Amino acid sequence: MSGNPVFVSRFHRPQCLAAAAPGEKAKLTHPGKAILAGGIAGGIEICITFPTEYVKTQLQLDEKANPPRYKGIGDCVRQTVQGHGVRGLYRGLSSLLYGSIPKAAVRFGMFEFLSNQMRDEAGKLDSTQGLICGLGAGVAEAVVVVCPMETVKVKFIHDQTSANPKYRGFFHGVREIVRTQGLRGTYQGLTATVLKQGSNQAIRFYVMTSLKNWYKGDNPNKAINPIVTGAFGAIAGAASVFGNTPLDVIKTRMQGLEAHKYKNTVDCAVKIMRHEGPAAFYKGTIPRLGRVCLDVAIVFIIYEEVVKVLNKVPAMLQ
């Protein structure tokens, strides 16, 4: 009987190692799953948060008129609802919806692709690696999706606020922009967009990776509650807002109907500083802060939950 404890301990040790291995492998998310989960998350998120995006864009486009059209966030909402009803806050939704789904799909797909190459043997990704992967994901979404879709969105919203709107809808707007300005017309502000999206996702994934590593501690397989994921996402979103709102303002100006006033991204920044002062670079920060925090929280929650579901489907996207 004295040999039994030795036999039991030797028997149990390999069993524990065998149980750990599958858990470590599960950390790697197939890029195909990431693309599907990201697209679903992006579509749901934009339907919820679009009104704040609309207000933010309106305030940024409301340059120093004589007098300014809007007194603030509340006044912008009030005038929009009075003139066009509650549906007015969703004008331009189609252009952003068509872009949001592929944007999130490309972002998470690229992030998982890059992170899978950089994780250590235990499947762990450190904060610096998270920042690099986030930067890559942001640049990819900027070039493939964000720049053309955001350009169309800003032009569409700006057009709808003019005395005689010329775009009858999203696809008509795209046709008119391409017809009059060529394909290049949908890539206005590319440099600013790449800088904005790259820094955006670098900051967000850096913060998310740091917080998730801190929360999991020495247990890389520790499950994270959706509420905790949402809180981490909101913090990551807030960090990105304060980190790159000036780039967002420049990007919006470069993509508006009056983009011809600026020679390039640097010229736009110089003219804003010269004629409007440094405060203009943070115009629309408050509505953007609310939208982005909610945006990032929702996207990460839905993304993580959809991935969990996909991981339960045998051999799916493998």
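Residues numbered from 1 in each chain as written. Predicted model: local features only at pLDDT ≥ 70, side-chain atom pairs only at ≥ 80, totals over all residues. Heavy atoms only, no water.

The name an unreviewed UniProt entry assigns to the protein is Solute carrier family 25 member 1, from the organism Paramormyrops kingsleyae. Taken directly from UniProt, the Subcellular location (unreviewed entry) text for the protein runs: "Mitochondrion inner membrane". In the Sequence similarities (unreviewed entry) part of its UniProt record, the protein is described as follows: "Belongs to the mitochondrial carrier (TC 2.A.29) family." (UniProt positions renumbered as here; feature names shortened; annotations may be inferred.)

A. Local environment of the overall build of the protein. When its secondary structure is counted, the protein shows ten helices and zero strands. In sequence order, the secondary structure elements of the protein are arranged as α-α-α-α-α-α-α-α-α-α. Relative to its full complement of 318 residues, the protein shows a buried share of 46%. Excluding contacts between residues fewer than 6 apart, the proportion of contacts in the protein whose partners are at least 24 apart in sequence is 78%. (Helix = DSSP H or I, 4+ residues; strand = E, 2+ residues; numbered from the N terminus. Buried < 20%, exposed > 50% of the residue type's maximum accessible area, 1.4 Å probe, protein only. Contact = heavy atoms within 4.5 Å.)

B. Spotlight on the packing of aromatic side chains. Summed over the entire model, instances satisfying the criterion amount to nine aromatic pairs. Each ring, one from F108 and one from Y303, has its centre 4.0 Å from the other, and the planes form 15°; the classification is stacked. Highlighted residues: F108 in helix α4 (residues 93-118) and Y303 in helix α10 (residues 285-311), separated in sequence by 195 residues. Just as F108 is buried, Y303 falls in that class too. Centre to centre, the rings of F205 and F300 are 5.6 Å apart; their planes meet at 75°, and the pair counts as edge-to-face. (Phe/Tyr/Trp six-rings, centres within 6.5 Å; stacked < 30°, edge-to-face > 60°.)

C. View of the environment of R291. Residue placement: R291 occurs in helix α10. For R291, a relative accessible area of 9% puts it in the buried group. Spatially, the C-alpha atoms of R291 and I46 are 9.6 Å apart, while their sequence positions differ by 245 residues. Each residue touching R291, except ones within four places of it in the same chain, is listed here: T49, T52, E53 and K56.

D. Representation of the confidence of the model for the protein. For the protein, the average pLDDT comes to 82, and 88% of its residues sit at 70 or higher. Highest mean pLDDT in the protein belongs to helix α7 (residues 190-216) (92); lowest belongs to helix α1 (residues 4-25) (44). Below a pLDDT of 50 lies the segment residues 5-23, which in the model reaches one contact outside its immediate sequence neighbourhood of four places, other chains included. (pLDDT = per-residue confidence, 0-100.)

E. Representation of a nonpolar patch on the surface in the model. A contiguous nonpolar surface patch, about 440 Å² in accessible area, is contributed by L135, V139, V143, V144, Y187 and L190. Per element, the largest residue contribution to the nonpolar patch is four residues, and it comes from helix α5 (residues 127-160). With respect to the helices and strands, V139 occurs in helix α5. A residue is classified by how much of its surface remains accessible, and V139, at 32% relative accessible area, is partly exposed. (Patch = residues over 30% accessible without salt bridge, like charges linked within 9 Å, V, L, I, M, F, W, Y side chains within 5 Å. Areas by Shrake-Rupley, 256 points an atom, 1.4 Å probe, with all protein chains shown as cover. Salt bridge = Lys/Arg side-chain N within 4 Å of Asp/Glu carboxyl O.)

F. Spotlight on the side chain of T245. Mapped onto the elements, T245 comes out in helix α8 (residues 226-255). For T245, the side chain forms a polar contact with the main-chain oxygen of V241, separated by 2.6 Å. Those residues within four positions of T245 in sequence are excluded, and the remaining contacts are F281, Y282, T285 and R288. (Polar contact = N/O pair within 3.5 Å; in protein donor to acceptor, adjacent residues only side chain to side chain.)

G. Just empty space enclosed by the protein, in detail. In the structure shown here, the tally under the stated rule is four cavities of 30 Å³ or more. Here the largest cavity defines a volume of roughly 220 Å³. Each residue belonging to the lining of the largest cavity can be placed in one class, and the counts come to five nonpolar, five polar and 13 charged. (1 Å grid on protein atoms, 1.4 Å probe; cavity = no way out; pocket = protein on both sides within 12 Å on 5 of 7 lines; lining within 4 Å. Points joined across faces, edges and corners; volume = space filled by probe spheres on them. Nonpolar A, V, L, I, M, F, W, Y, C, P; charged D, E, K, R; others polar.)

H. Quick look at the nonpolar core. If you look at the biggest cluster of nonpolar residues, it comprises 25 residues, and the most contacted ones within it are F108, F111, F300 and Y303. Looking at this core, the elements that each hand over two or more residues are α2 (31-61), α4, α5, α7, α8 and α10. The dominant element in this core, judged by the number of residues it contributes, is α10, at ten residues. In this structure F108 touches A34, G38, F205, V299, F300 and Y303, once residues within four positions along its chain are discounted. By size, the runner-up hydrophobic cluster in this structure holds eleven residues, among which are L59, Y70, L93 and L96. (Core = buried A, V, L, I, M, F, W, Y, C linked by side-chain atoms within 4.5 Å.)

I. Spatial organisation of the packing of α7 against α10. For the pair α7 and α10, interaxial distance at closest approach is 13 Å and the crossing angle is 60°. Viewed along their axes, α7 and α10 adopt a mutual orientation that is oblique. Like other packed secondary-structure pairs, α7 and α10 cross with a definite hand, here right-handed. Residues K196, N200, R204, F205, M208 and K212 of α7 lie in contact with α10, whose contacting residues are R288, V292, V296, F300 and E304. (Axes fitted to C-alpha atoms, helices over the stretch in contact; angles between N-to-C directions. Parallel < 35°, antiparallel > 145°, perpendicular 65-115°, else oblique. Left-handed = near helix turned anticlockwise from the far one by under 90°.)

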